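# Observations on chain architecture
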Amino acid sequence: SQKIEQNSEALNIQEGKTATLTCNYTNYSPAYLQWYRQDPGRGPVFLLLIRENEKEKRKERLKVTFDTTLKQSLFHITASQPADSATYLCALEGGGFKTIFGAGTRLFVKA
Amino acid sequence: DGGITQSPKYLFRKEGQNVTLSCEQNLNHDAMYWYRQDPGQGLRLIYYSQIVNDFQKGDIAEGYSVSREKKESFPLTVTSAQKNPTAFYLCASSRTATGEYGYTFGSGTRLTVV
């Protein structure tokens, strides 16, 4: 079955630095991969989707890469701000109208 | 503004009791989903519906039931058969059944067994 792994340890960075979060997957070749932001006690909010034929996608301060050979996606937040502090979820297309979600990585940006 | 409304935000259930979680969307999305979120785990799919009057079991459907009588509404009932119902429940919708344009989530319902 498909497995998706995100670093369970929280990432602590200083304001203004670039935050990089990792999503690794096994046993499948998804057609696309998504990233979401989730604040405590709230539902996830869709950020970006990248397809298997795309190497990189950008949206404002966000950048996502998708390496189908390494089976890995990297999520970057440049010029990070304390307001970027949240949990970030990776999700991949799991076939058969299903999407598999990772457990998320908590990001803390210190002022 | 379009979106998904879940209610209530907090719900307490007694042993042996059935409870129903509400989910309404005004996005005109065909597909709707129910997920369960537990600490340290990814979202797990309970049920999904691609169209009105049709729904399919997800990975952890036991002890849950749903209905899809209207496009806008997809309520979830947590029955007494669900032995460990304490969790954060999330309803979502998507423009297509594959979710390839992303999912819109509600704010969630936190269910606690007392």
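In this report, we go over the structure that sits alongside the text. Worth saying up front: this structure is predicted, and the values here are computed from it rather than measured. (Residues numbered from 1 in each chain as written. Chains lettered and ligands numbered in written order. Predicted model: local features only at pLDDT ≥ 70, side-chain atom pairs only at ≥ 80, totals over all residues. Heavy atoms only, no water.)

## Some remarks on the nonpolar core
Operational definition: Joining through side-chain atoms within 4.5 Å is the link that ties buried Ala, Val, Leu, Ile, Met, Phe, Trp, Tyr and Cys residues into a set, and such a set is a nonpolar core. When accessible area is computed with a 1.4 Å probe and restricted to protein chains, residues below 20% of their type maximum are described as buried, those above 50% as exposed, and intermediate ones as partly exposed. Secondary structure elements follow DSSP: runs of H or I of four or more residues count as helices, runs of E of two or more count as strands, with numbering from the N terminus. Contacts are assigned to residue pairs with any non-hydrogen atoms lying within 4.5 Å of each other.
Of all hydrophobic cores here, the largest spans 23 residues; its most connected members are Leu33(A), Trp35(A), Phe75(A), Ile77(A), Tyr88(A) and Leu107(A). Elements supplying a minimum of two residues to this core: strand E3 (19-26), strand E4 (32-38), strand E5 (45-51), strand E7 (62-67), strand E8 (72-77), strand E9 (86-93) and strand E11 (105-110) of chain A. Non-local contacts of Leu107(A), meaning those with residues more than four positions away in its chain, are made with Leu11(A), Ile13(A), Ala19(A), Ile77(A), Asp84(A), Ser85(A), Ala86(A) and Tyr88(A). Membership of the second largest hydrophobic core comes to 20 residues, among which are Cys23(B), Ile46(B), Ala61(B) and Val66(B).

## Points about the sheet that holds strand E7 (residues 64-66) of chain B
All names here are of chain B. Put simply, the test is: Note on pairing: DSSP must find at least two bridges between two strands before they are called paired. Axis lines are fitted to C-alpha atoms, over the contacting stretch for helices. Their N-to-C directions set the angle, which ranges from 0 to 180 degrees.
Strand order in the open sheet made by the four strands is E1-E3-E8-E7, with antiparallel pairing throughout. The sheet is open, and its two edges are formed by strand E1 (4-7) and E7, each paired on a single side. Neighbour-to-neighbour, the strand axes of this sheet turn through a mean angle of 20°, independent of strand direction. Two strands pair when backbone bridges link them, and E7 and strand E8 (residues 76-78) are joined in this way by three bridges, in the antiparallel orientation. Following the sheet pairing, Tyr64 is matched in E8 by Val78.

## Looking at the side chain of Thr99(A)
Selection rule: Two N or O atoms form a polar contact when they lie within 3.5 Å of each other; inside protein one atom must be a possible hydrogen donor and the other a possible acceptor, and for residues adjacent in sequence the pair counts only when both atoms belong to side chains.
Structurally, Thr99(A) is set in strand E10 (residues 99-101). For Thr99(A), a relative accessible area of 6% corresponds to the buried category. Here Tyr103(B) takes part through its side chain, which lies 2.6 Å from a polar atom of the side chain of Thr99(A). For Thr99(A), the contacting residues outside a window of four places in its chain are Ala91(A), Leu92(A), Gly94(A), Tyr35(B), Thr98(B) and Tyr103(B).

Shape descriptors only; they carry no functional weight alone.
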